[in-house]
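Residue-level structural notes
Below, each chain spelled out in residue letters.
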Amino acid sequence: MPDLDQWPTGRLLTTAARLVEHAWNERLVDIGVTHAGVIALGVLADQGAMTQASLAQIVRVQAQTMGKTLSRLESRGHVTRVRNDLDRRSHMVSIAPGGRHVLEAADDIERTLVAGGGLVSDELRSHLQVVIRELGAPRWNWPATSPSAEGSSLENPGASGPAATVPG
């Protein structure tokens with residue numbers, strides 16, 4: 001086993017993030033969805049129907065990337081896409097009943113991902129939110145936050161549940 005005490009914090013964080021994502025994906029394959037799919041479903045469940053472009057913007061991925069995710073979700077009956085009445089060039093995407101069932105199963109996976117509940121520690125969540133705020137603000141044009149705003153919620157990254165995850 002490597003000497004983790006010698007690793008810089010950034011390496012610990014990125015390695016932990018990759019391991020969590022791999023563990024997620026290994027469990028999500030059983031319910032026929034990817035981590036990116038869970039994120040998209042969570043946003044649609046929380047915010048309602050929207051265009052693919054809006055969903056991609058909220059999730060912080062390119063529209064083409066979101067298109068591939070939505071195609072997989074649609075083929076499995078997790079989302080529906082209908083022509084947008086306001087802009088016939090785009091489609092409105094909404095979560096289907098099958099997608100709601102997937103989110104429930106994904107919530108169970110998240111709760112049981114790491115034995116002992118290490119990923120649900122309020123202290124760890126708080127530290128990760130600070131990292132996301134500090135590194136995300138310039139990248140995603142978020143306003144800078146003061147230390148007193150540390151407990152406030154971001155669009156999705158500070159929320160709880162699968163929809164809160166910011167994909168890389």
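Whatever comes next refers back to the structure up there.
Residues numbered from 1 in each chain as written. Predicted model: local features only at pLDDT ≥ 70, side-chain atom pairs only at ≥ 80, totals over all residues. Heavy atoms only, no water.

**With respect to the overall build of the protein chain**
Assigned secondary structure in the protein chain consists of six helices and three strands. Ordered by position from N to C terminus, the α and β elements of the protein chain give α-α-β-α-α-β-β-α-α. Looking at the 168 residues of the protein chain, the share that counts as buried comes to 30%. Across the protein chain, contacts joining residues at least 24 apart in sequence account for 49% of those joining residues at least 6 apart. Accessible surface computed for the protein chain: about 10400 Å², of which carbon and sulfur atoms make up 54%. (Helix = DSSP H or I, 4+ residues; strand = E, 2+ residues; numbered from the N terminus. Buried < 20%, exposed > 50% of the residue type's maximum accessible area, 1.4 Å probe, protein only. Contact = heavy atoms within 4.5 Å. Areas by Shrake-Rupley, 256 points an atom, 1.4 Å probe, with all protein chains shown as cover.)

**With respect to unusual backbone geometry**
Of note, Arg 60 is a non-glycine position whose phi angle comes to about 70°, a positive value. Here Arg 60 is to be found in the loop between helix H3 (52–59) and helix H4 (63–75). Accessibility expressed as a relative area gives 23% for Arg 60, which makes it partly exposed.

**Structural notes on the side chain of Ser 90**
With respect to the helices and strands, Ser 90 occurs in the loop between strand E2 (79–83) and strand E3 (91–95). If near-sequence neighbours (up to four positions away) are discounted, Ser 90 is found in contact with Thr 51, Val 82, Arg 83 and Asn 84.

**Looking at helix H5 (residues 97–112)**
Over its 16 residues, H5 extends 23 Å from the first C-alpha to the last, a length consistent with the 22 Å expected when each residue adds 1.5 Å. Buried within H5 we find Gly 99, Val 102, Leu 103, Ala 106 and Ile 109. Projected down its long axis, H5 shows its buried positions confined to an angular sector of 120°, all on one face. Projecting away from the buried face of H5 at angles above 90 degrees are the exposed residues Pro 97, His 101, Glu 104 and Arg 111. Taken together, the buried residues of H5 touch helix H1 (9–28), helix H2 (35–47) and E3. (Expected span 1.5 Å × (residues − 1). Arc of directions from axis to C-beta.)

**Quick look at the pattern of salt bridges**
Taken as a whole, this structure holds two salt bridges when the rule is applied. The salt bridge partner of Arg 81 is Glu 74, with a shortest N-O separation of 3.1 Å. Look at Arg 81 and you get partly exposed, because its relative accessible area is 22%. (Salt bridge = Lys/Arg side-chain N within 4 Å of Asp/Glu carboxyl O.)

**Regarding the nonpolar core**
Among the nonpolar cores identified, the biggest contains 25 residues, and Leu 41 and Leu 55 are the most heavily contacted of them. Contributing elements (two or more residues each) for this core: H1, H2, H3, H4, E3 and H5. Among the elements that make up this core, the one with the highest residue count is H2 (six residues). Ignoring any residue separated from it by four or fewer positions in sequence, one finds Leu 41 in contact with Val 33, Leu 73, His 78, Val 79, Ile 95, Gly 99, Val 102 and Leu 103. (Core = buried A, V, L, I, M, F, W, Y, C linked by side-chain atoms within 4.5 Å.)

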